[in-house]
2 protein chains.
Amino acid sequence: MTDRPTPALLLDRAALDHNLAAMAAVHPGRRLRPHVKAHKCTALAAAQQAVGHTTFTCATPHEVVGLAAAGVGDELLLANETVDLDRLRAMAALDVPVLVAVDSPETVRAAADAGITACLVDVNVGLPRCGVAPDRAGAIADLARRAGLDVRGVMGYEGHLMMVTDRDDRRARVAAAMELLRAAHADVGGDIVSAGGTGTYDLHGDTGVTEVQAGSYVAMDTHYAQHDFPFRQALFVEGTVISVSSDWAVADVGLKALGMDHGNPTIEGATVWFCSDEHVTFAPGDPVAVGDRVRVVPAHIDPTMALHEAVWVVEDDVVVDRWPIDLRGW
Amino acid sequence: MTDRPTPALLLDRAALDHNLAAMAAVHPGRRLRPHVKAHKCTALAAAQQAVGHTTFTCATPHEVVGLAAAGVGDELLLANETVDLDRLRAMAALDVPVLVAVDSPETVRAAADAGITACLVDVNVGLPRCGVAPDRAGAIADLARRAGLDVRGVMGYEGHLMMVTDRDDRRARVAAAMELLRAAHADVGGDIVSAGGTGTYDLHGDTGVTEVQAGSYVAMDTHYAQHDFPFRQALFVEGTVISVSSDWAVADVGLKALGMDHGNPTIEGATVWFCSDEHVTFAPGDPVAVGDRVRVVPAHIDPTMALHEAVWVVEDDVVVDRWPIDLRGW
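Some details on the sheet that holds strand S3 (residues 75-78) of chain A
Residues and elements named next belong to chain A.
Then step 1. Strand order across the open sheet formed by seven strands is S2-S3-S4-S5-S6-S7-S8, with parallel pairing between neighbours. In the strand order of this sheet, the two ends are held by strand S2 (55-58) and strand S8 (211-212), each with one partner.
Then step 2. Pairing of strand S4 (residues 98-102) with strand S5 (residues 118-122), which is carried by four bridges, proceeds in the parallel orientation. Bridging across to S5, Ala101 finds its partner in Leu120.
Then step 3. Here helix H3 (residues 61-69) sits on the sheet and contacts S2, S3 and S4; the angle it forms with S3, its principal contact strand, is near 170°.
Then step 4. Relative to the sheet, helix H7 (residues 167-188) contacts S5, strand S6 (150-156) and strand S7 (192-195), its axis offset from that of S6 by approximately 170°.

A look at the sheet that holds strand S4 (residues 98-102) of chain B
Residues and elements named next belong to chain B.
Then step 1. Pairing is parallel across the open sheet formed by seven strands, whose spatial order is S2-S3-S4-S5-S6-S7-S8. Strands with a single pairing partner mark the edges of an open sheet, and in this sheet they are strand S2 (55-58) and strand S8 (211-212).
Then step 2. Across three bridges, the pairing between strand S3 (residues 75-78) and S4 is parallel. The residue bridging Leu77 from the neighbouring strand is Leu99, located in S4.

Considerations on the interface of chain B and chain A
Then step 1. With 52 residues of chain B in contact, the opposing surface of chain A contributes 52 residues.
Then step 2. Of the roughly 3900 Å² buried between chain B and chain A on both sides combined, carbon and sulfur atoms contribute 61%.
Then step 3. On the chain B side of the contact with chain A, B:Arg129, B:Lys256 and B:Trp330 bury the most area, a combined 19% of that side's loss.
Then step 4. For the pair chain B and chain A, the interface holds four salt bridges.
Then step 5. Contributions of two or more residues to the side of chain B that touches chain A are made by helix H5 (105-113), strand S9 (235-244), strand S12 (271-276), strand S13 (279-283) and helix H8 (301-305) of chain B.
Then step 6. Looking at the side of chain B that touches chain A, its residues break down into 20 nonpolar, 18 polar and 14 charged.

Details of the packing of helix H3 (residues 61-69) of chain B against helix H4 (residues 85-92) of chain B
When two helices pack together, their arrangement is given by the angle between the helix axes and by the axis-to-axis distance.
Residues and elements named next belong to chain B.
Then step 1. Running from N to C, H3 and H4 cross one another at 25°; their axes reach a closest spacing of 10 Å. Comparing their axes, H4 and H3 come out roughly parallel. The element H3 and its partner H4 pack so that their crossing is left-handed. Between H3 and H4, the contacting residues are Pro61, Val64 and Val65 on the first element and Arg87, Ala90 and Met91 on the second.

What to know about the domain arrangement of chain A
Residue and element names in this part refer to chain A.
Then step 1. What the domain assignment reports for chain A is domain 1 (13-216) and domain 2 (230-324).
Then step 2. Here domain 1 and domain 2 have C-alpha centroids that lie 31 Å from each other.
Then step 3. Taken together, the contact pairs 17 residues of domain 1 with 14 residues of domain 2.
Then step 4. Roughly 1500 Å² of surface becomes buried between domain 1 and domain 2 when both sides are summed, with 64% attributable to carbon and sulfur atoms.
Then step 5. A per-residue breakdown of the area domain 1 buries against domain 2 is headed by Arg13, His18 and Asn19, which together make up 32% of the total.
Then step 6. The interface formed by domain 1 and domain 2 includes one salt bridge.
Then step 7. Across the salt bridge formed by Lys37 and Asp302, the nearest N and O atoms sit 3.1 Å from each other.
Then step 8. Where domain 1 packs against domain 2, one counts six residue pairs in polar contact (both at pLDDT 80 or more).

Comments concerning the pairing of S3(B)
All names here are of chain B.
Then step 1. Burial along S3 is two-sided: the face carrying Glu75 and Leu77 and the face carrying Leu76 and Leu78 are both buried.
Then step 2. Bridging between S2 and S3 involves four bridges; their strand directions are parallel. Paired with Cys58 across the bridge in S3 is Leu78.
Then step 3. For the handedness criterion, the β-α-β arrangement of S2, H3 and S3 is classed as right-handed.
Then step 4. Chirality of the crossover, the property in question, places the unit of S3, H4 and S4 among those that are right-handed.

Notes on the relation of the copies chain B and chain A
Turning one copy of the chain about an axis and sliding it along that axis gives the other copy, so a rotation and a shift relate them.
Then step 1. Mapping chain B onto chain A calls for a rotation angle of 180° and an axial translation of 0.0 Å; the resulting RMSD is 0.0 Å. Considering both components of the superposition, the chain copies are consistent with a two-fold axis.
Then step 2. Of the residues that chain B buries at the interface, 98% are likewise interface residues in chain A, meaning the two copies contact each other through the same surface.

Focus on the environment of B:Tyr217
Residues and elements named next belong to chain B.
Then step 1. By the secondary structure assignment, Tyr217 is in the loop between S8 and S9.
Then step 2. By relative accessible area, which is 0% here, Tyr217 ends up buried.
Then step 3. Separated by 16 residues in sequence, Tyr217 and Gln233 place their C-alpha atoms 9.0 Å apart.
Then step 4. Residues contacting Tyr217, with those up to four places away along its chain left out, are Asn19, Leu20, Met23, Leu32, Gln48, His53, Thr198 and Phe231.
Then step 5. Within the structure, the side chain of Tyr217 is placed 3.1 Å from the side chain of Gln48, a separation counted as a polar contact.

Examining the packing of aromatic side chains
Residues and elements named next belong to chain B.
Then step 1. Counted according to the given criterion, the structure contains 10 aromatic pairs over all chains.
Then step 2. Note on Tyr217 and Phe231: the rings are 5.7 Å apart at their centroids and 55° apart in plane angle, and the pair reads as tilted. Note that Tyr217 is positioned in the loop between S8 and S9 and Phe231 in the loop between S8 and S9, a separation of 14 residues in sequence. Neither Tyr217 nor Phe231 differs from the other in exposure class; each is buried.
Then step 3. Note that Arg295 overlies the ring of Phe236, its terminal NZ or CZ placed 4.8 Å from the centroid.
Then step 4. In this structure, Arg322 packs its charged tip against the face of Trp312, placed 5.7 Å from the ring centre.

A closer look at the pairing of strand S14 (residues 293-297) of chain A
Residues and elements named next belong to chain A.
Then step 1. In terms of burial, S14 is a largely internal element, four of the five residues being buried.
Then step 2. Pairing between strand S9 (residues 235-244) and S14: four bridges, direction antiparallel. The partner of Thr240 across the bridge, within S14, is Arg293.
Then step 3. Where strand S11 (residues 266-267) and S14 come together, two bridges link them in antiparallel fashion. When the bridges of S14 are listed, Thr266 appears paired with Val297.

Thresholds, definitions, all that
Residues numbered from 1 in each chain as written. Chains lettered and ligands numbered in written order. Predicted model: local features only at pLDDT ≥ 70, side-chain atom pairs only at ≥ 80, totals over all residues. Heavy atoms only, no water. Pairing = 2+ DSSP bridges. Helix = DSSP H or I, 4+ residues; strand = E, 2+ residues; numbered from the N terminus. Contact = heavy atoms within 4.5 Å. Axes fitted to C-alpha atoms, helices over the stretch in contact; angles between N-to-C directions. Buried area = accessible area lost by both parts, 1.4 Å probe. Salt bridge = Lys/Arg side-chain N within 4 Å of Asp/Glu carboxyl O. Nonpolar A, V, L, I, M, F, W, Y, C, P; charged D, E, K, R; others polar. Parallel < 35°, antiparallel > 145°, perpendicular 65-115°, else oblique. Left-handed = near helix turned anticlockwise from the far one by under 90°. Domains from an automatic or database assignment. Polar contact = N/O pair within 3.5 Å; in protein donor to acceptor, adjacent residues only side chain to side chain. Buried < 20%, exposed > 50% of the residue type's maximum accessible area, 1.4 Å probe, protein only. Right-handed = clockwise from strand over helix to strand, strands pointing away. Least-squares fit on C-alpha atoms with pLDDT ≥ 70 in both. Phe/Tyr/Trp six-rings, centres within 6.5 Å; stacked < 30°, edge-to-face > 60°. Lys NZ or Arg CZ within 6 Å of the ring centre and 35° of its normal.

Structure representation (structure tokens):
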């Protein structure tokens, strides 16, 4: 097929364009604040910007600084807490407006001390992670304003609901979580109510959120494929078959090339048995030979992207571009 | 404690030195062919060389070429199959002697075509992965010799036995697997019988192997800690507490900083609930505050190392060195 070295991360341009259009149809422009942690790739963020999304969500200061350096985005949100003054200062020094999430006196103080000028109050809406209890959000907002921060609103990530299987159940639980967020917003003020992810992107029509933070939709994975979404699988890890035995074959796509926290990857028409550091052992449907190429579909795209230096953009299996995964690391 | 940015990969120098000495006492010099896939760090390989091990095992051509460029090792084994002619040629061009594993006519031909001069026949001893069936090893050796390769012996990785819980059971099953390897060796010839890993390093006293390929012993992880081994936990991912709630706290060590294929990491004195991309949520034993540092112990060190650009070498929590993880990627 090709002689690009393997394992090779491939992004199908047609599927990507389909996904970009499908999401922009539901959440156009600033209604979507794409989460770049899903891909950590400024070129892919630029593709999201090209279809109208100009604000971005980041999980690390490194992603914020990298997006700014690439000139992508007109407002960047660090949807995460940090008390790292050097990293906060680096974000404060950017030309592009930066908002950071705060959920405690310590994170408010660090942001203010570092010269950050604007924030969202991060509210716990049910996922046991960051975020202040809803009834304490107003107090954090007061604290932030007294520290000189412009409190632009609230965010609350309902991550615990992304994989609720039944759509009606998911919708009801998202609505309940967003009720908490709206109540907190009433105490906090500001023009932004930010929430959501790919798993709940279609359930925010009447939840009162002003923007959705979805990221994984651009490339998809087998985990989100369990939902009946209009997004197509756009990301693959291409491997080479390096060994064929009686009942199984092995390709050079191992757990160092795949995010494994959601379990094994899949191979169309084959049964994946297990992954080792640099191998996937699988039972092929049709016979394969040493040297054949196989496409492995990751179970979780976010950490998969972060394992590769670059992604090959392909059209009908022909490479048309190579995009560095340039926001990796911290 | 310190202001090094987090998540930070830490290697405890005293524990490392202990582990190096404990392994070298059992398998001195060339009796151990350390597997660099465990750490992907030429500085750490140099530390292994400093205690007497001068031959190395690699999982990728990139590891072979990188070790050679660093001047570490006097004989390098690619314990894996490849038909990538460019990468085979790059290894063939090195000054240091290189052996590659072969298990099929295709891998023999690729090695010979690329100018590789020496190989081991990779034998399946029970793990369904690479390796020729034991009774076909002699035929592959004949093929390799006819292709002009110096057949130096056999290798057979009993990876399926690394985590057999009961030591006596593990010993018996390793002995049976090595019987297969010895039978293959009788057909293949050569001076090398290479096998083993950290999980079985102490069971090769009378199996007929000439060298053991262990790697993870240098740093350990919670997976191998289930065995009663003399090795100490030397590797940690240090995080900063970024959020504290009623029953849980969150540190900035997520699944992008941890190999997750063996499950969740652990935190001493705490209960880990789950990991997100950039977070670990845990129930602390003693109260923690935002800004505190925590040490997270990975479940699997090999893929954890591969996620970080560098490791901080510490003595009593003081950084004494910074070693690049320079063999990452492919």
